[in-house]
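# A closer look at the structure
Chain residues, written in single-letter form:
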Amino acid sequence: MYTVELQKLIDKMALKNCTPEVNVEEILISQSDVNRPALQLAGFFDHFDSNRIQVIGYVEQAYMQELGKKKAMAMMERIMEHKIPCIVFCRSIEVPPDFVAMATSYGIPLLQTDKTTSSFMAEVIRWLNVELAPRISIHGVLVDVYGEGVLIMGESGIGKSEAALELIKRGHRLVTDDVVEIKKVSDDTLIGTAPDITRHFIELRGIGIIDVKTLFGVESVKDTQCIDLVIKLEEWNKDEEYDRLGLEEKYTEFLGNRVVCHSIPIRPGRNLAIICESAAVNYRQKKMGYNAARELYNRVTNNLMKK
C-alpha cells in the first residue's frame, strides 16, 4: 500500500491550514476516495472508513446549524475520535473556533478551500488515484512518438537506447531510459515515468551518460506518458516465424492491464527508429478505425470471389 504526505496535498490544492499547531508533515493519506460525513453527523458510523479525507460542504454545514452547536460539536468529536487524516471545509466555509480547538486537541488538521465541494472532491480523487496507484519498475525505454507512448523493451545491449536517441533526433520526446516506473491509474490507463535520479538521462555504451534535455532542449523530453504500445526487440532467428500481416493483435500485460505488443526481430541494417515510428502511426490509425492488414485481406478476398 502506498501513501502520500498530507503536506503534499495541501501544497498541491493550495489549502489553508486552520490548525497550524497540528503537525501535518507526519500525517499520511492511504485512501484515494474521500467522504462527505453526512451520515456520521446523523450518528451512523457503521462501515465508516476513517482513512478517508472528510469533506464538509454546504449541505453538511446547513445540517450542523440545524442540529445546534452542542449536538454538532458532539458529532464532530465522534468523527475526530476515529483519527481521520483531516477535514476540509469547501466553499470558504468559516471554521468555528470551537472546532479548531477540538481538532487541535485531537491532532486533526482542519483545512479550507474556496472550491465548490464537487469540483474539489473530483480533483482530489483524480490526483490521489495517480499518487496512490499500484506501480512496478521494468527495464526499458519509453518515448512519446506522435503522441503515442511507445515502450521499447528487449535484452540489455540490443539497441533500445540507440533507437530512442534516433527518435529524439527525429523530433520525438524521451520519457525515460533504462528504468520505467509504471503506474496503473485506471483499468484502461498505464502511466510511465522516470525515476528522479535518471530523469532525462540516456546511457550509450561506448560514450557514457548524456543529458538529453541539455543537448536537445526541453522540447525533447517529457515527464509522464500513457503507455499505448510495446515494442519488444529480439535477435533475429531464422527458424522463428514472424507475423507478416498483423491481422491479430498480440498483447502483453502490466498490473492486469493489456497493452498491444509487437515483437521486432533485429538484423544489421534495420532502422529501428523508422520501425517504431511506423508502428506508432499504424497503431494510431487502427484507433481511428482503419486497419491496413484487414483492408488487404478484404481486397484479396473480394478478388478471389470475382474469379
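An unreviewed UniProt entry annotates the protein chain as HPr kinase/phosphorylase of Acetivibrio ethanolgignens. According to its UniProt record, the protein chain has this under Sequence similarities (unreviewed entry): "Belongs to the HPrK/P family." Per UniProt, the protein chain has the following entry under Cofactor (unreviewed entry): "Mg(2+)".

This part takes up the UniProt feature "active site" (unreviewed entry) in the protein chain. Following the UniProt record, one finds the feature "active site" (unreviewed entry) at His-139, Lys-160, Asp-178 and Arg-244. An extended arrangement is adopted by the annotated residues: their sequence extent is 106 residues, and the largest C-alpha distance between any two is 29.1 Å. Given a relative accessible area of 36%, His-139 falls into the partly exposed group. If we ignore the near neighbours within four places in the chain, the residues touching His-139 are Met-153, Gly-154, Ser-156, Lys-160 and Asp-178. At a separation of 3.0 Å, a polar atom in the side chain of His-139 contacts the main-chain carbonyl oxygen of Asp-178.

On to unusual backbone geometry, then. Notably, Arg-91 is not glycine yet its phi reads approximately 55 degrees, a positive angle. Structurally, the position occupied by Arg-91 is in the loop between β6 (87-89) and α5 (97-106). Phi is positive for Tyr-146, which is not a glycine, with a value near 55 degrees. Position of Tyr-146 relative to the elements: it lies in the loop between β9 (141-145) and β10 (148-154).

Thresholds applied
- Here, residues in each chain are numbered from 1, in the same order as that chain's written sequence.
- At least 70 in pLDDT is required for a residue's local features to be given in this predicted model, at least 80 for side-chain atom pairs to be given and counted, and no such filter applies to totals for whole chains, interfaces and linings, which use all residues.
- Only hydrogens and water are set aside when side-chain values are computed; all heavy atoms of the structure are taken into account.
- UniProt positions are given in the numbering used here, feature names are shortened, and annotations may be inferred rather than shown by experiment.
- We call a residue buried when its accessible area falls under 20% of the maximum for its residue type, exposed when it is over 50%, and partly exposed in between, using a 1.4 Å probe and counting protein chains only.
- Contact criterion: two residues are considered in contact whenever any of their non-hydrogen atoms come within 4.5 Å of each other.
- Here a polar contact is recorded for every N or O atom pair within 3.5 Å, except that within protein the pair must consist of a potential hydrogen donor and a potential acceptor, and residues adjacent in sequence are included only if both atoms are side-chain atoms.
- Only runs of H or I of at least four residues qualify as helices and only runs of E of at least two qualify as strands under DSSP, and these elements are numbered from the N terminus.

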